[in-house]
Amino acid sequence: PVDTSGIFEQAEAKQAEAKPQADAKPAAWGEILELSDSSLPSLSADMMPPKLGQMAQAISDATETPFDIAALSTLATVSATCMQKYEIEVTPGYTESANMYCVAVGDPGSRKSAVFKTATSAIHEYQSEQLRAAAEFNNSKKTELSVWNKRSEHLQGQAAKAKTSEQYNALMIDLDAHESLKPQLMAEPQYIGGDASPEGLEMRMVDNNECMFIATPEATPFEIITGRYSGKANTDLFAQAYDGEHRAVNRVTRSLTLNHPLLTLLTMIQPDALTDLGACRQIRGRGILARLSFVIPETNVGNRLGQTVAIPGTVQSAYDNVVLSLMNTEVLLDRDFVPLARCVLLSADALTLWGQFAAAIESRMSDSGDLHYSKDLGGKMAGRAARIALVFHCFSATAAGESPDSTRINMRTMQQAVDFTDVLIEHAKAAYEMASADPVVVSAKKVLRKIREEQVSQISTREIMRFDRTKGTKEAIEPTIHLLTDHNYLRRQKTPAKQGRPSELFDVNPAIWCS
């Protein structure tokens, strides 16, 4: 007889091994390989003068946009009204201008145009009024100019027909005297613009006290710098017009001199454009990148509620009145017609605070400091704080009905400027990283931020594409997914085959909340 003992027990054991365990624990996660993506600090209204902070907050609320963008936009706008009119003397012989280069980085659909339009509307209004005044004045001179031209033609004809040198010389004297009587027309003023070649911009600056405000919600200025018109990078004007360095152009087609050129820049670019910017060697090599004040706010696109509120009339008028008052402030000229800025000084305690901030920045550029590899950035930040303090002071003094150069910058204003600059430093560090980063790493960090915000424990391919809307197809997002799985942030779920094409699911490593 056949021995069947143990056969049934062995079969049951094999069946038990083949049957999935309902309470089996998933395989242990590997250690997360950090992508180093910490959240950035945000600006706040209390880091600005009250009426300026109120306007920035009102713009943010009215457009459902991050406060950082509105804060930087209003700062740049006020900065533009102060350049060539005021400068800060930090210590004897060391001055900083009021102009700034401001860049907001945001995703498509961020309503950046609405922010820019509201922040700069008072300057556009002022420019329109000046253009109308110039047109009216020039129209009033048309008849006078026509008579002058005819008289000039007559004298030229007479000189051409002169039969003796005495007659010719007498007529030339008459022509010289007539030339001095030529009716002078007003140049059409342009204080703010968005698109011009470097050559065209220089010509505009000659007619506008050697300054200009470039404001656009697009990346146009950087397209110009990197060679839209010339096919090669053209950084000279933008590098020199940050500090007012003398600029002379002597070419076959044109010649001009700018003794103290200043530009204020306000623009917004998308993250991909920042990566492209970093690829241009001259942008960092000429110090353009270090001159830029960045904000990179967390996007709220896809989470807006449509619950906007109108900007209170009192807030809008208080802001506009200061902007218009500063625009109406005359630019002083020296005897050579070079702009001569009024000097604003620091109070003793404000100077002490600035000195402490400058010393801290210097320490951060040491071998063990966080700015060691960004010394070009760190080297600009003490001056950046001084410029912001100057702009804040000019706004506050004008709002109070005082001349900015009649009082010193106080401790409170300097503290606000230092706090504001501290936030800008962190955003600039992130911008430097993005400018030199692999696009896949940038995408992975964007997805990680959204995972942390929404606190999800599992996620689908479709949701990952929603978290990074620059990747419109599964093929485009796949490198991002591979990077996140390779770094143990995500793990593919083993799901049974189904009909159709279900979106693949991924578990989120719980350790993400501790990293």
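What you see is a predicted model; the values in this text were computed from it and never measured.

A.B. asks: How would you explain the overall build of the chain if you had to name every residue and give the values?
C.D. replies: When you go through the chain residue by residue, the secondary structure sums to 19 helices and 13 strands. By residue count, 47% of the 515 residues in the chain fall in the buried class. In the chain, the proportion of contacts linking residues at least 24 apart, taken out of those at least 6 apart, comes to 76%. Summed over its atoms, the accessible surface of the chain is roughly 26200 Å², and 51% of this surface lies on carbon and sulfur atoms.

A.B. asks: Break down the packing of aromatic side chains for me, with residues and values.
C.D. replies: Tallied over the entire structure, the rule returns five aromatic pairs. Measuring from ring centre to ring centre gives 5.1 Å for Tyr 101 and Tyr 242, while their planes differ by 70°; the resulting arrangement is edge-to-face. Here the residue Tyr 101 occupies a position in strand β3 (residues 101-105), and Tyr 242 occupies one in the loop between α9 (236-240) and β6 (247-250), the gap between them amounting to 141 residues. Its relative accessible area of 2% is what places Tyr 242 among the buried residues. Between the aromatic rings of Phe 392 and Phe 420, the centroid separation amounts to 5.8 Å while the plane-to-plane angle is 80°, which identifies the pairing as edge-to-face.

A.B. asks: Pulling in residues and values, what's your account of helix α3 (residues 67-82)?
C.D. replies: Taking 1.5 Å of rise per residue, the 16 residues of α3 would be expected to cover 22 Å, and the 23 Å separating its terminal C-alpha atoms lies within 8% of that figure. Phi for Gln 84, located one or two positions after α3, is positive at around 70°.

A.B. asks: I'd like a rundown of the nonpolar core, residues and numbers included.
C.D. replies: Core analysis: the biggest nonpolar cluster contains 116 residues, and Leu 263, Leu 274, Leu 292, Phe 294 and Phe 420 have the highest contact counts within it. With 13 residues, the single largest contributor to this core is helix α16 (residues 411-435). Not counting the four nearest positions on each side in its chain, Phe 294 is found in contact with Val 103, Val 105, Leu 274, Leu 289, Leu 424, His 427, Ala 428 and Ala 431. Counting residues in each nonpolar core, the second largest holds 18 residues, with Leu 448, Ile 459, Ile 481 and Leu 490 among its members.

A.B. asks: Talk me through the sheet that holds strand β4 (residues 192-193); I want residue IDs and the actual numbers.
C.D. replies: With parallel pairing, five strands are arranged side by side in an open sheet as β4-β5-β8-β3-β9. Of all the strands in the sheet, just β4 and β9 (292-295) have a single pairing partner and so form its edges. Against the sheet, helix α4 (residues 112-140) engages β4, β5 (211-216) and β8 (262-269), with an angle of about 150° to β8.

A.B. asks: Describe the confidence of the model for the chain, naming the residues involved and giving the relevant values.
C.D. replies: Chain-level statistics for the chain give a pLDDT mean of 87 and a share of 90% at 70 or above. Averaged over each element, pLDDT in the chain is lowest for helix α1 (residues 7-18) (50) and highest for strand β10 (residues 342-345) (98). Here residues 15-24 scores under 50 on pLDDT; set against residues more than four positions off or in separate chains, the count is one contact.

A.B. asks: So what's going on with the pairing of strand β1 (residues 86-91)? Which residues, and what values?
C.D. replies: As paired elements, β1 and β10 share four bridges and run parallel to each other. Each bridged residue has a counterpart across the sheet, and for Glu 87 the counterpart in β10 is Cys 343. Where β1 lies against strand β2 (residues 94-97), four bridges are found, and the strand directions are antiparallel. Within β2, the residue paired with Thr 91 across the bridge is Tyr 94. Connecting the antiparallel pair β1 and β2 is a turn made up of two residues, with Gly 93 showing a positive phi of about 90°.

A.B. asks: Any chance you could break down the sheet that holds strand β12 (residues 490-492) for me, citing the residues and the numbers?
C.D. replies: Strand order in this open sheet of three strands is β11-β13-β12, and the pairing throughout is antiparallel. Each edge of the open sheet is held by one strand with a lone partner, namely β11 (458-460) and β12. Put simply, the sheet's adjacent strands are angled 35° from each other on average, direction ignored. For β12 and strand β13 (residues 505-508), the ladder comprises three bridges, and the chain directions are antiparallel. Bridge assignment links Leu 490 to a residue of β13, and that residue is Val 508. Helix α19 (residues 474-486) rests against β12 and β13 of the sheet, and its axis sits at about 105° to β12.

A.B. asks: Break down the environment of Val 295 for me, with residues and values.
C.D. replies: Relative to the helices and strands, Val 295 is located in strand β9. On the basis of relative accessible area, Val 295 is assigned to the buried category, the value being 0%. A C-alpha to C-alpha distance of 8.9 Å links Val 295 and Glu 426, two positions 131 residues apart in sequence.

A.B. asks: Which residues make up the packing of α3 against helix α15 (residues 375-399), and what are the values?
C.D. replies: When two helices pack together, you describe them by how their axes are tilted relative to each other and by the distance separating the axes. With their axes 9 Å apart at the nearest point, α3 and α15 run at an angle of 80° to one another. As summarised for this structure, α3 and α15 are arranged roughly perpendicular, according to the angle between their axes. Counted together, Leu 75, Val 78, Ser 79 and Cys 82 of α3 and Ile 388, Val 391, Phe 392, Cys 394 and Phe 395 of α15 form the full contact between these two elements. Taken together, the residues of the contact of α3 with α15 sort by class into eight nonpolar, one polar and no charged.

A.B. asks: So what's going on with the pattern of salt bridges? Residues and values would help.
C.D. replies: Inspection of the entire model under this criterion finds 18 salt bridges. By sharing partners, the salt bridges in this structure join Glu 96, Asp 243, Arg 291, Lys 380 and Arg 387 into a single network.

A.B. asks: Just give me the short version of the packing of helix α13 (residues 313-328) against α15, but keep the residues and values in it.
C.D. replies: Between α13 and α15, the least distance of the axes is 9 Å, while the angle of their chain directions is 105°. Overall, the two elements α13 and α15 adopt an arrangement that is roughly perpendicular. Contact with α13, carried on its side by Tyr 319, Val 322, Ser 325 and Leu 326, involves Cys 394, Phe 395, Thr 398 and Ala 399 of α15 and no other residues of that element.

A.B. asks: If you had to explain unusual backbone geometry to someone new, which residues and values would you point to?
C.D. replies: With a phi close to 70°, Gln 84 is a non-glycine residue in the positive phi region. Of note in this structure, Asn 488 is not a glycine but carries a positive phi near 65°. Here Asn 488 is to be found in the loop between α19 and β12.

A.B. asks: Tell me about empty space enclosed by the protein, and name the residues and values.
C.D. replies: Applying the stated criterion to the full structure yields three cavities of 30 Å³ or more. Elements with a minimum of two residues in the lining of the largest cavity: α10 (271-278) and α17 (439-454). Residue contributions to the lining of the largest cavity peak at four residues, all from α17. Grouping the constituent residues of the lining of the largest cavity by class yields three nonpolar, three polar and four charged.

Conventions used here
- Residues numbered from 1 in each chain as written.
- Predicted model: local features only at pLDDT ≥ 70, side-chain atom pairs only at ≥ 80, totals over all residues.
- Heavy atoms only, no water.
- Helix = DSSP H or I, 4+ residues; strand = E, 2+ residues; numbered from the N terminus.
- Buried < 20%, exposed > 50% of the residue type's maximum accessible area, 1.4 Å probe, protein only.
- Contact = heavy atoms within 4.5 Å.
- Areas by Shrake-Rupley, 256 points an atom, 1.4 Å probe, with all protein chains shown as cover.
- Phe/Tyr/Trp six-rings, centres within 6.5 Å; stacked < 30°, edge-to-face > 60°.
- Expected span 1.5 Å × (residues − 1).
- Core = buried A, V, L, I, M, F, W, Y, C linked by side-chain atoms within 4.5 Å.
- Pairing = 2+ DSSP bridges.
- Axes fitted to C-alpha atoms, helices over the stretch in contact; angles between N-to-C directions.
- pLDDT = per-residue confidence, 0-100.
- Parallel < 35°, antiparallel > 145°, perpendicular 65-115°, else oblique.
- Nonpolar A, V, L, I, M, F, W, Y, C, P; charged D, E, K, R; others polar.
- Salt bridge = Lys/Arg side-chain N within 4 Å of Asp/Glu carboxyl O.
- 1 Å grid on protein atoms, 1.4 Å probe; cavity = no way out; pocket = protein on both sides within 12 Å on 5 of 7 lines; lining within 4 Å.
- Points joined across faces, edges and corners; volume = space filled by probe spheres on them.

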